[in-house]
Amino acid sequence: MLIPLSFLGLFCTAGAALGALCASTLNQDVSAEALLLGALAGALSHQLYGCAQSERLSAWAKQSIDQRSGPRALRAPQVGVSGEIAYRVEKNYRAYERSIRSEGDRLAFFLSAIDASPNGVLLLNAHQEIDWCNRTAALHFALDPVRDRLQPVTNIVRMPEFIAYLREGQFDDAVTLRSSRFAGKLAVIVRPYGEGMLVLSQDVTERDRAEQMRRDFVANVSHEMRTPLTVVSGFIETLASIPMSDSDRQGMLGMMETQTQRMQAIVADLLTLAELEGGAMPPLDVWTDCHSLLARAADTGRGLSAGGHDISLQSGPLCELAGADSELLSAVDNLVSNACRYTPPGGVIVIGQRMTPAGGVVIEVTDNGPGIAPEHLPRLTERFYRVDSGRSREHGGTGLGLSIVKHVMQRHGGRVDIQSELGKGSCFSLELPPARVRRDSQPVGAGQAVQAPTR
Ligand code: ADP
């Protein structure tokens, strides 16, 4: 109120002064009438000025936000009541704009966080139309977030189980979907909120596969144990119920012992696998001499073969391997024992070692046994996978040996490679990475034979 009054006063005073000036210019006395007339003229000018300012304020206020920042923008009144109003409006508008921007930033922050989620998030409006979805949901449901916006979800996601799930409206449990577009299995759950729905999706392909592996594993173990257990319990029944000669009894006890040993071997291999899966990672600073490792494996092979095979050792440069000595030995032992078991008597088995160009080490166990058909090669390291179950059992095999070898190599950052040709023989290689190999200062030279200790 102070500004309008002072402004009016200013105009009136200026008017009165002008009246006095006019009177003196016309050589008249500066009378009260002249002053009053001047003041009235000043008040009228104030009124006219006020109207012009209001017009300007109104035109300024009417221009859109885009126009306001454009080159032809109207300037707000700077003085008087209109100037004051324009100043306050502009100030409030800027504050409002700032708060909108900060809300927008927060929204963008939340949306980008949801977008980064490994789970799918899909928002449906009250008509079950797609409102928004994050990247994962777009992948899971094969959606285009822009093109499919405001499309009925059941027109786009055409999985029958999903449509039935939405129609039934029972959202307590998740539904599992298998989509042809998304190569995997999805667990989807709906949470109604406000008038819309939140559809959450999760890729459960790996979890499902692990669950299936666990089921297969339990089934395999049960199957493996059931046969010897059935044999042993049958023998016990026979021994308890039928009188028999000492030699028959001895024969039966011998067969029972074989079956018991088989169960023991399976349990021992299962425990080894469990230890490998749950145990601490092999050290990087405990070194094992590679030649001595191979010599020990050759020794075990000779003991197993009992002179039935020609087992030789061909070592490459002297080197040391970092890791768990017992695990590395068990891996090489498994390969050597397989070579002895599957290669007919008189066969040749060579245990070799060479350096890779990158500085790693490859340990090879080669035999001239029956070989393995190519279709079996990719599955040989699976648990309980055998080419010929009968033959494997005959040789005391558990079907877990190569699986143990693969685990040991994985734990040491290495890998297993199998080359084989039917009728010609097989070569099993274990490759250890350069980080686990230390060269001796005096290399022996590739291909040089190292005398293995004889039994
Ligand atoms: P197993 O206890 O049956 O030997 P492994 O996992 O050690 O189990 O081997 C899996 C299968 O691979 C064996 O059953 C056998 O059929 C095949 N196999 C492994 N080593 C050889 C080999 N040196 N020569 C031929 N077949 C082999």
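Residues numbered from 1 in each chain as written. Predicted model: local features only at pLDDT ≥ 70, side-chain atom pairs only at ≥ 80, totals over all residues. Heavy atoms only, no water.

**Re the overall build of the protein**
- Within the protein, the regular secondary structure consists of 13 helices and 13 strands.
- For 455 residues, the compact-globule estimate of 2.2 N^0.38 gives 23 Å, and the protein exceeds it by more than 25% at 45 Å.
- Counting only C-alpha atoms, the protein reaches 160 × 65 × 35 Å along its principal axes.
- In the protein, 61% of the contacts between residues at least 6 apart in sequence involve partners at least 24 apart.
- Distance between charge centroids for the protein: 5 Å, based on 44 positive and 50 negative side chains. (Helix = DSSP H or I, 4+ residues; strand = E, 2+ residues; numbered from the N terminus. Rg over C-alpha atoms; globule rule 2.2 N^0.38 Å. Contact = heavy atoms within 4.5 Å. Lys, Arg positive; Asp, Glu negative; His and termini not counted. Charge placed at Lys NZ, Arg CZ, Asp CG, Glu CD.)

**Considering the pairing of strand S1 (residues 120-124)**
- For S1, the buried fraction is high: four of the five residues fall into the buried class.
- Pairing between S1 and strand S5 (residues 196-203): five bridges, direction antiparallel. Across the sheet, residue Leu123 finds its bridge partner in S5, namely Leu198.
- Relative to strand S2 (residues 130-133), S1 runs antiparallel, the two being bridged by three bridges. When the bridges of S2 are listed, Leu122 appears paired with Cys133.
- Counted along the chain from S1 to the antiparallel partner S2, the turn is five residues long, and its residue Gln128 has a positive phi close to 55°. (Buried < 20%, exposed > 50% of the residue type's maximum accessible area, 1.4 Å probe, protein only. Pairing = 2+ DSSP bridges.)

**What to know about the domain arrangement of the protein**
- You can read the domains of the protein as domain 1 (4-61 + 76-107), domain 2 (117-203), domain 3 (207-278) and domain 4 (287-439).
- Computed from C-alpha coordinates alone, the two centres of domain 2 and domain 4 are separated by 50 Å. (Domains from an automatic or database assignment.)

**Focus on the pattern of salt bridges**
- For the structure shown, the criterion picks out 21 salt bridges.
- When the shortest N-O distance is used, the salt bridge between Arg209 and Glu206 registers 2.6 Å. Placement of the pair is Arg209 and Glu206 together in helix H8 (residues 205-241), with a separation of three residues, close to one helical turn.
- The class of Arg209 is partly exposed, set by a relative accessible area of 45%.
- With its nearest N and O atoms 2.8 Å apart, the salt bridge here joins Glu327 to Arg411. Taken together, the residues span a long stretch of sequence, with Glu327 in helix H11 (residues 325-342) and Arg411 in helix H13 (residues 401-411) at a distance of 84 residues. Take Glu327 and Arg411: they sit in the same class, and that class is buried.
- Here the salt bridges do not stand alone but share partners, grouping Glu90, Arg94, Glu97 and Arg101 into one network. (Salt bridge = Lys/Arg side-chain N within 4 Å of Asp/Glu carboxyl O.)

**Re a nonpolar patch on the surface**
- Residues Val81, Ile85 and Val89 make up a contiguous nonpolar surface patch of about 220 Å² in total accessible area.
- Structurally, Ile85 is set in helix H4 (residues 80-115). (Patch = residues over 30% accessible without salt bridge, like charges linked within 9 Å, V, L, I, M, F, W, Y side chains within 5 Å. Areas by Shrake-Rupley, 256 points an atom, 1.4 Å probe, with all protein chains shown as cover.)

**Section: H8**
- Here H8 is 37 residues long and its end C-alpha atoms lie 53 Å apart, about the 54 Å a rise of 1.5 Å per residue gives.
- The largest bend in H8 is about 25°, located at Arg226, with the proline Pro228 one to four residues further on.
- Listed in full, the buried residues belonging to H8 are Thr205, Val221, Glu224, Met225, Pro228, Val232 and Phe235. (Expected span 1.5 Å × (residues − 1). Bend = angle between axes of the 7 residues up to and from the residue.)

**Things to note about the site of the ligand**
- What surrounds the ligand is a group of 19 residues, the closest being Asn338, Tyr342, Ser392, Thr398 and Gly399.
- A distance of 2.8 Å separates an oxygen atom of the ligand from a polar atom in the side chain of Asn338.
- Within the backbone of Gly401, a nitrogen or oxygen atom sits 3.3 Å from an oxygen atom of the ligand.
- Protein coverage of the free-state accessible area of the ligand, which is 530 Å², stands at 97%.
- For the shell around the ligand, the secondary-structure elements that each account for two or more residues are H11, H13 and strand S12 (425-432).
- Looking at the shell around the ligand, the element that brings in the most residues is H11, giving four residues.
- Looking at the shell around the ligand residue by residue, the classes come out as nine nonpolar, seven polar and three charged. (Near = heavy atom within 4 Å. Polar contact = N/O pair within 3.5 Å; in protein donor to acceptor, adjacent residues only side chain to side chain. Nonpolar A, V, L, I, M, F, W, Y, C, P; charged D, E, K, R; others polar.)

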